[in-house]
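Residues per chain are reported as follows:
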Amino acid sequence: MTLHGPITNSFISQRLRLNYVDWGNPDAPPLLLVHGGRDHARSWDWVAEELRNDWHIIVPDLRGHGDSSWSPDGSYEMSAFVYDMAQLIHQLGLAPVSIIAHSMGGNIATRYAGIFPENVRKLVNIEGLGLSPKMQAERDAIGIQKRFRQWIEDKRNAAGRTPKRYPTIEAAYDRMKAENSYLTDEQARHLTVHGISRNEDGTWSWKFDNYLNIWAIFDMPREDLLSIWQSITCPMLLLYGEKSWASNPEKDGRIEHFPTAKVVEYENAGHWLHHDQFDRFMADVKAFL
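Conventions and cut-offs
Residues numbered from 1 in each chain as written. Predicted model: local features only at pLDDT ≥ 70, side-chain atom pairs only at ≥ 80, totals over all residues. Heavy atoms only, no water. Helix = DSSP H or I, 4+ residues; strand = E, 2+ residues; numbered from the N terminus. Buried < 20%, exposed > 50% of the residue type's maximum accessible area, 1.4 Å probe, protein only. Contact = heavy atoms within 4.5 Å. UniProt positions renumbered as here; feature names shortened; annotations may be inferred. Phe/Tyr/Trp six-rings, centres within 6.5 Å; stacked < 30°, edge-to-face > 60°. Lys NZ or Arg CZ within 6 Å of the ring centre and 35° of its normal. Salt bridge = Lys/Arg side-chain N within 4 Å of Asp/Glu carboxyl O. Axes fitted to C-alpha atoms, helices over the stretch in contact; angles between N-to-C directions. Parallel < 35°, antiparallel > 145°, perpendicular 65-115°, else oblique. Left-handed = near helix turned anticlockwise from the far one by under 90°. Nonpolar A, V, L, I, M, F, W, Y, C, P; charged D, E, K, R; others polar. Pairing = 2+ DSSP bridges.

- For the chain, the name recorded in an unreviewed UniProt entry is Alpha/beta hydrolase, with Sphingorhabdus lacus as its organism.

Details of the side chain of Asn 180
Right, on to step 1. If you trace the backbone, Asn 180 turns up in the loop between helix H6 (169-179) and helix H7 (185-195).
Right, on to step 2. Of the residues examined, Asn 180 reaches a relative accessible area of 7% and is grouped as buried.
Right, on to step 3. Those residues in contact with Asn 180 that sit more than four places away from it in its chain are Trp 272 and Asp 276.

A look at the UniProt feature "domain: AB hydrolase-1" (unreviewed entry) in the chain
Right, on to step 1. UniProt's feature table lists "domain: AB hydrolase-1" (unreviewed entry) at residues 29-276, given in the numbering used throughout.
Right, on to step 2. Each end of residues 29-276 is marked by a C-alpha atom, and these two atoms are 27 Å apart; helix forms 40% of the span and strand 17%.

Let's talk about the packing of aromatic side chains
Right, on to step 1. Considering all chains together, one arrives at seven aromatic pairs under this definition.
Right, on to step 2. With 4.8 Å between their ring centres and 35° between their planes, Trp 229 and Phe 258 make a pair best called tilted. Highlighted residues: Trp 229 in helix H8 (residues 222-230) and Phe 258 in the loop between helix H9 (249-252) and strand S10 (261-266), separated in sequence by 29 residues.
Right, on to step 3. Over the aromatic face of Phe 288 sits the side chain of Lys 122, whose NZ or CZ is 5.4 Å from the ring centroid.
Right, on to step 4. Here the guanidinium or amino end of Lys 164 rests over the ring plane of Tyr 166, the centre of that ring lying 5.6 Å away.

Digging into the pattern of salt bridges
Right, on to step 1. As enumerated under the stated definition, the model contains 16 salt bridges in all.
Right, on to step 2. Here Arg 42 makes a salt bridge to Asp 45, at a shortest N to O gap of 2.9 Å.
Right, on to step 3. Salt-bridge contacts for Glu 138 lead to Lys 134; the nearest nitrogen and oxygen are separated by 2.7 Å. One end of the pair, Glu 138, and the other, Lys 134, are both in helix H4 (residues 133-142), four residues apart, so they sit about a helical turn from each other.
Right, on to step 4. Given the relative accessible area of 58%, Lys 134 is considered exposed.
Right, on to step 5. Shared partners join several salt bridges into a network, and the residues in it are Glu 267, Arg 280 and Asp 284.

Looking at the packing of helix H2 (residues 78-92) against helix H3 (residues 104-115)
Right, on to step 1. Interhelical geometry of H2 versus H3 gives an angle of 65° and a closest axis separation of 9 Å. Our classification of the angle between H2 and H3 gives roughly perpendicular. When the axes of H2 and H3 are compared, the crossing they make is right-handed. Contact residues: Met 78, Phe 81, Val 82, Met 85, Ala 86 and Ile 89 in H2; Met 104, Asn 107, Ile 108, Ala 109, Arg 111, Tyr 112 and Ile 115 in H3.
Right, on to step 2. Counted by class, the contact of H2 with H3 contains eleven nonpolar, one polar and one charged residues.

What to know about the sheet that holds strand S6 (residues 120-126)
The strands making up a sheet are joined through hydrogen bonds of the backbone, oriented either antiparallel or parallel.
Right, on to step 1. Ordered by their spatial adjacency, eight strands build an open sheet running S1-S2-S4-S3-S5-S6-S9-S10, and the pairing between neighbours is mixed. Looking at the sheet topology across the chains shown, the edges are occupied by strand S1 (7-13) and S10. In this sheet, neighbouring strand axes are inclined to one another by 20° on average, regardless of whether the strands run parallel or antiparallel.
Right, on to step 2. In terms of strand pairing, strand S3 (residues 30-34) meets strand S4 (residues 56-60) through three bridges, oriented parallel. Residue Leu 32 lies in a different strand from S4, and its bridge partner there is Ile 58.
Right, on to step 3. Here H2 sits on the sheet and contacts S1, strand S2 (16-22), S3, S4 and strand S5 (97-102); the angle it forms with S1, its principal contact strand, is near 115°.
Right, on to step 4. Against the sheet, helix H11 (residues 278-288) touches S5, S6, strand S9 (236-241) and S10, its axis set at about 165° to S10.

Below is the structure:
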């Protein structure tokens, strides 16, 4: 029998059962693929298919995403995500591991690489450094009291919010296409099918937890984050889409904190550049890894 797709498994992290998919080839070097916010593990299927013959690929659903458990208190701090990554790598014995990570997943992986530099061989970070200096300054200018009050209000609203229900998968697919116009029909359909589940009344809802829309009120001090960035020793490839909202670290100064990093910008690509410019992305990744 020839196995074409991944095997689904799970691990426990802080009492949560978290899902991951394993693409086989266990004797090959380990490669972790980490999705971004409100995404899921199966969004990496095209990348995994291209790399599975040379790598042992593990792809987690982050807590609150995909088929992983939701945080009981609706709290999704970065420290919890980093802990989950540390547990996955520890429990599966993946270190030293190479990592490709997108957006929030890139933020998590970059912190892990600075905390455990000996455990990461190479890191591809796709638009995953968190808030740009400009956005951080704007957030700080609001003041902690006002931000804290807004956070409480947002949490309260989320507690009473019913997840969006779509009458058909086609309606959810249309929403996926509207969210990212660069996606092909095939990509949008695949991301929708694996990112949605059926409700008891026959409608469909996205798998991710509504509380993920609310950023944690506190993070580590900026100087501590910069110290973690500067502790990374593995080669890094930082990828950015020309048409994305994300800020290019070569242009905003953050590249100075990454002594081993190279930045590449993709024209005609947005935030999901690994979907938007797949062939170029795969060529760059294969050459880097």
